[in-house]
Amino acid sequence: MKKWEENVRRVVPYTPGEQPDFADMIKLNTNENPYPPAPGVERAMRAMQSEPLRLYPAPGADSLVEGLANYYNLKKDQVFVGVGSDDVLAMAFLTFFNSDRPILFPDITYSFYDVWADLFRIPYECQPLNERFEITKEDYFKENGGIVFPNPNAPTGEELSLSAVEEIIAHNQDVVVIVDEAYVDFGAQTAVGLIEKYDNLLVVQTFSKSRSLAGLRIGYAFGSSRLIKYLNDAKYSFNSYTMNRPSLSMGAAALEDEAYFRETVDKIVATRERTKKELAQMGFLFGDSKANFLFATHPDYPAKKLFEALREKHIFVRYFAKPRIDNYLRITIGTDAQMDALIEFLKEYTGK
Ligand SMILES: *Cc1c(COP(=O)(O)O)cnc(C)c1O
């Protein structure tokens, strides 16, 4: 090791799901939406001109913040936006998790949390999910430096009831509680209604999944104006212009078409419920996912083998070589035709 390397902030980075590029592939590995963004997004993109790009964007991302505030019936100072919810969450970790006490999150959860904690030198303690992969709320009723969990959880898809979420917040009013609602639009209950009651609650959502805009990178958070001000102070100390002009106009357009949003989300939910029935018939086991993916295991067929066999056919799902979940596959819900291809393959593989 070179002398200068002693001073390097070394981290083990998060590993995103692969982005393979085959014309015939069925991509069910990174929870993207199989349907295109709302038609208004395309119109906004075509209407865009390059001339305004010489100017910096609005540092407060006002048009998008205002659109979100109107959509969710909040005040503008209760809304924060960032470059995907990963950016929002990283900023929130940096801003709110500054205690010597450990922050708490589930042992099986979004695998970016421990990466940010390590990056920012935040102590953490994982709370084990129960054998049905559910969060035990009482695990979070102890002293800590902050709490973060996704709801529905990833990669399990399990929803924690809104009353249990509130109990966790109520027991933790001396720290910041972050609820990561990346998948909430697919049938779970949002905690956004609790931000008026608890000024230490931050609810984080994204356009990446339910609004088909993973490629645009827009995430946002709701909280008390006090909480949002602290987030903005950290943001302006880091990078004033996180949201670029194209993202701002296309993002605002995505919020305008409620009918399209409902229609595509409903389609994905219907396909998810149908896929559950098909997989159950083949003997797969899984929880009652409220997200746009299923987390499934089969008593007779090792997940890793299945993952590899699917991959050969250019059907990509996600496999995690991690304790407790290394016999599971996380399968994103695609179109009906994509799920039919997956089901057909699995029927042949399992002989069912
Ligand atoms: C996908 C995901 C995110 C991040 O999504 P962005 O594309 O950065 O908005 C955050 N949390 C969870 C649990 C996710 O699955």
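These numbers were taken from a predicted model, which means no experiment stands behind them.

> Would you mind going over the site of the ligand with me for this structure?
Taken together, 13 residues lie near the ligand, and Ser85, Tyr183, Thr206, Ser208 and Lys209 sit nearest. Here a nitrogen atom of the ligand and a side-chain polar atom of Asp180 are 2.7 Å apart. With respect to the ligand, the side chain of Thr206 contributes an N or O atom lying 2.6 Å from an oxygen atom. Here the ligand has 390 Å² of accessible area as a free molecule, and 92% of this is covered by the chains. The greatest single-element share of the shell around the ligand, amounting to four residues, is contributed by helix H3 (residues 84-96). Each residue belonging to the shell around the ligand can be placed in one class, and the counts come to five nonpolar, four polar and four charged.

> What is the right way to look at the pairing of strand S7 (residues 201-206) in this model?
Moving residue by residue along a regular strand, the side chains alternate between the two faces of the sheet. With six of six residues buried, S7 is to be regarded as a mostly interior element. The side-chain alternation of S7 yields two buried faces, one formed by Leu201, Val203 and Gln205 and the other by Leu202, Val204 and Thr206. Taken together, the four bridges between strand S6 (residues 177-180) and S7 define a ladder with parallel strand orientation. Bridging from a neighbouring strand, Val177 pairs with Leu201 of S7. Pairing of S7 with strand S8 (residues 219-222), which is carried by four bridges, proceeds in the antiparallel orientation. Opposite Gln205, over in S8, you have Tyr220 as the bridge partner.

> What is the right way to read the packing of helix H8 (residues 258-281) against helix H10 (residues 336-350) from this model?
At their nearest, the axes of H8 and H10 sit 11 Å apart, and the two run at 5° to each other. As the angle between them shows, H8 and H10 are arranged roughly parallel. Counted together, Thr271, Arg274, Thr275, Glu278 and Leu279 of H8 and Asp336, Met339, Asp340, Ile343, Leu346 and Lys347 of H10 form the full contact between these two elements. The residue inventory of the contact of H8 with H10, partitioned by class, reads four nonpolar, two polar and five charged.

Definitions and cut-offs
- Residues numbered from 1 in each chain as written.
- Predicted model: local features only at pLDDT ≥ 70, side-chain atom pairs only at ≥ 80, totals over all residues.
- Heavy atoms only, no water.
- Near = heavy atom within 4 Å.
- Polar contact = N/O pair within 3.5 Å; in protein donor to acceptor, adjacent residues only side chain to side chain.
- Areas by Shrake-Rupley, 256 points an atom, 1.4 Å probe, with all protein chains shown as cover.
- Helix = DSSP H or I, 4+ residues; strand = E, 2+ residues; numbered from the N terminus.
- Nonpolar A, V, L, I, M, F, W, Y, C, P; charged D, E, K, R; others polar.
- Buried < 20%, exposed > 50% of the residue type's maximum accessible area, 1.4 Å probe, protein only.
- Pairing = 2+ DSSP bridges.
- Axes fitted to C-alpha atoms, helices over the stretch in contact; angles between N-to-C directions.
- Parallel < 35°, antiparallel > 145°, perpendicular 65-115°, else oblique.
- Contact = heavy atoms within 4.5 Å.

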